[in-house]
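Geometric and topological summary
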Amino acid sequence: MIITLKHGTTDQQMNDFIDSWKQKGFGVHVSKGENLTILGLLGDTSSLDTEMVSANPFVDTVQRVSAPYKMASRTFHPENSVIKVGSTSFGNGEIPVIAGPCSVETEEQVISIAKDVKAAGAKLLRGGAFKPRTSPYSFQGLGEKGLQFLVAAKKETGLPIVTELMDIRQLKYFDDVDVIQIGARNMQNFDLLKEMGKVGKPILLKRGMAATVKELLMSAEYIMASGNENVILCERGVRTFDNYTRNCLDVSIVPYLHKVSHLPIIIDPSHACGQRWMVPELAKAAVACNTDGLIIEVHNNPEKALCDGEQSLHPTEFASLMKILPQIAAINGRNV
Ligand code: PEP
Ligand code: MN
């Protein structure tokens, strides 16, 4: 249930009102805009009488929210959420690009790629240290050592780092990580999502390969309802009946999420198509349809990469793409 307070309601009146709901067992989410204060009641509001709530002298309007996700919905929070990472923001009209290898392999590799992607205009560095691999016999990532190499690359270049956490026991290595990625395979690991609600870092939540948009939003809701509202959503392709690409990039998700949610949505063209030659075209399509960011795999020796080499751009290909993207972004009045 969404309760809009009348203009002129004092902080004291608002706090008393909020306390009265908390005493009845509801959670209350407060969204203070320039002109409006909106309270979102969390919990089972089905038995509440909207007319009784409206009878309160400082209540302006009362609205039921039909979507099962509340905190993630735009009705709860009409303005875009802007998620700050270092000097970069997601959701404020910029299109930050996150780039780097699928997996951290050596310190030299990740530092060299970090320098290249930074020179080309990337705002954040990605790189997996804990890798979710389909086969237990494939390279599983360097783990703690990989994170140390990523942090070394951050120190060298100043780029904030994004890396995947698969298990809460790994969190102790994440002190210097700027954005925690929850990968497609863990999108519905609800206990992990609840734990992500307790960390004070932005979460990059990737859509599961067979997850509906509603399920993605419900997973974001888990993180938000557990205390962390800094969630960046990521479309990375879903499985369909066809397999001519690794996954099928669902670009419709961008305008749809902009309509129903205030959270930023970024696109991962690399895992969507799985083929290097196609990545630049999909990245351009994502920017054209107003994505709030991109995450792109880049490797300095893709043929020898230990993971996802076939979809990784060479630094020179990445640099060429980064020259074109601002022209497309300009059509929508945005910057890359
Ligand atoms: C990755 O980013 O390297 C990755 C494994 O992504 P996803 O969870 O989307 O498959
Ligand atoms: Mn990958």
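Residues numbered from 1 in each chain as written. Chains lettered and ligands numbered in written order. Predicted model: local features only at pLDDT ≥ 70, side-chain atom pairs only at ≥ 80, totals over all residues. Heavy atoms only, no water.

**Re the packing of aromatic side chains**
Evaluation of the coordinates by the stated rule reveals six aromatic pairs. The interplanar angle of 80° and the centroid separation of 5.7 Å between the aromatic rings of Trp21 and Phe26 together place this pair among those described as edge-to-face. Owing to a relative accessible area of 13%, Phe26 belongs among the buried residues under this scheme. Feature note: the residues Phe17, Trp21, Phe26 and Phe58 constitute an aromatic cluster, connected by ring pairs. Lying across the ring of Trp21, Lys24 places its NZ or CZ 4.3 Å from the centre. (Phe/Tyr/Trp six-rings, centres within 6.5 Å; stacked < 30°, edge-to-face > 60°. Buried < 20%, exposed > 50% of the residue type's maximum accessible area, 1.4 Å probe, protein only. Lys NZ or Arg CZ within 6 Å of the ring centre and 35° of its normal.)

**Some points on the domain arrangement of the protein**
Annotation of the protein at the domain level lists domain 1 (2-63) and domain 2 (83-331). For domain 1 versus domain 2, the distance between C-alpha centres works out to 37 Å. (Domains from an automatic or database assignment.)

**Quick look at the pattern of salt bridges**
Within this structure, the stated rule accounts for 14 salt bridges. One salt bridge connects Arg207 with Asp250, and the closest N-O pair in it is separated by 2.8 Å. Residue Arg207 is found in the loop between strand E11 (203-206) and helix H6 (213-225), and its partner Asp250 is found in the loop between strand E12 (231-235) and helix H7 (253-260); the two are separated by 43 residues along the sequence. Using a relative accessible area of 6% as the deciding quantity, one classes Arg207 as buried. Between Asp308 and Arg246 there is a salt bridge whose closest N-O contact spans 3.2 Å. Of this pair, Asp308 sits in the loop between strand E14 (294-297) and helix H10 (315-331) while Arg246 sits in the loop between E12 and H7, and the two are 62 residues apart along the sequence. Residue Arg246 is classed as partly exposed on the basis of its relative accessible area, which comes to 37%. (Salt bridge = Lys/Arg side-chain N within 4 Å of Asp/Glu carboxyl O. Helix = DSSP H or I, 4+ residues; strand = E, 2+ residues; numbered from the N terminus.)

**Focus on the coordination of the manganese ion (ligand 2)**
Protein coordination at the manganese ion (ligand 2) comes from Cys102 (SG), His271 (NE2), Glu297 (OE) and Asp308 (OD), with a distance range of 2.1 to 2.4 Å. Summarised as a motif, the one-chain spacing of the donors to the manganese ion (ligand 2) is C-x168-H-x25-E-x10-D. Within this pair, whereas Cys102 is found in the loop between strand E7 (97-100) and helix H3 (107-120), its partner His271 is found in helix H8 (residues 269-273), the two being separated by 169 residues in sequence. Assigned by exposure class, Cys102 and His271 land together as buried. (Donors = N, O, S within 2.8 Å, 3.2 Å for Na, K, Ca; no water.)

**Some thoughts on the sheet that holds strand E2 (residues 27-32)**
With respect to topology, four strands assemble into an open sheet ordered E2-E3-E1-E4, the strand pairing being antiparallel. The sheet is open, and its two borders are formed by E2 and strand E4 (59-63), each paired with just one other strand. Ignoring strand direction, the axes of neighbouring strands in this sheet form an average angle of 20°. By the bridge criterion, four bridges tie strand E1 (residues 2-5) to strand E3 (residues 37-42) in an arrangement that is antiparallel. By the bridge assignment for E3, Ile2 is matched with Gly40. Against the sheet, helix H1 (residues 11-23) touches E1, E2, E3 and E4, its axis set at about 155° to E2. (Pairing = 2+ DSSP bridges. Axes fitted to C-alpha atoms, helices over the stretch in contact; angles between N-to-C directions. Contact = heavy atoms within 4.5 Å.)

**Description of the pairing of E3**
With five of six residues buried, E3 is to be regarded as a mostly interior element. As consecutive antiparallel partners, E2 and E3 are separated by four residues.

**Remarks on the site of ligand 1**
With respect to spatial proximity, 13 residues lie near ligand 1, and among them Arg126, Lys131, Ala184, Arg185 and Arg236 are the closest. Contact between ligand 1 and Arg236: an oxygen atom at 2.6 Å from a side-chain N or O atom of the residue. In the model, an oxygen atom of ligand 1 is placed 3.4 Å from a nitrogen or oxygen of the Glu297 side chain. Residue composition of the shell around ligand 1, by class: three nonpolar, three polar and seven charged. (Near = heavy atom within 4 Å. Polar contact = N/O pair within 3.5 Å; in protein donor to acceptor, adjacent residues only side chain to side chain. Nonpolar A, V, L, I, M, F, W, Y, C, P; charged D, E, K, R; others polar.)

**Let's talk about the nonpolar core**
Counting 77 residues, the largest nonpolar core has Leu205, Leu233, Ile296 and Phe318 as the members making the most contacts within it. Those residues in contact with Leu205, other than ones at most four positions away along the chain, are Ile182, Met187, Leu193, Leu216, Ser219, Ala220, Ile223, Val231, Ile232, Leu233 and Cys234. Listed in part, the 16 residues of the second largest apolar core include Val28, Leu41, Phe58 and Val59. (Core = buried A, V, L, I, M, F, W, Y, C linked by side-chain atoms within 4.5 Å.)

**Considering the confidence of the model for the protein**
The share of residues in the protein with pLDDT of 70 or more is 100%, and the mean pLDDT across the chain is 96. E12 holds the highest mean pLDDT among the elements of the protein, 99, whereas E2 holds the lowest, 89. (pLDDT = per-residue confidence, 0-100.)

**As for H10**
Over its 17 residues, H10 extends 26 Å from the first C-alpha to the last, a length consistent with the 24 Å expected when each residue adds 1.5 Å. By the burial criterion, the buried members of H10 are Pro315, Phe318, Leu321, Met322, Leu325, Ile328 and Ala329. Looking at the residues trailing H10, positive phi occurs at Gly333, about 70°. (Expected span 1.5 Å × (residues − 1).)

**So, the pairing of E14**
Every second residue of E14 is oriented toward a common face, with Leu294 and Ile296 on one face and Ile295 and Glu297 on the other, all of them buried. Pairing geometry for E7 and E14, over four bridges, is parallel. Pairing of Ile98 across the sheet is with Ile295, part of E14.

**Some words on unusual backbone geometry**
At Asn290, a position not held by glycine, the phi torsion is positive, near 80°. Tracing the sequence through the fold places Asn290 in the loop between helix H9 (279-288) and E14.

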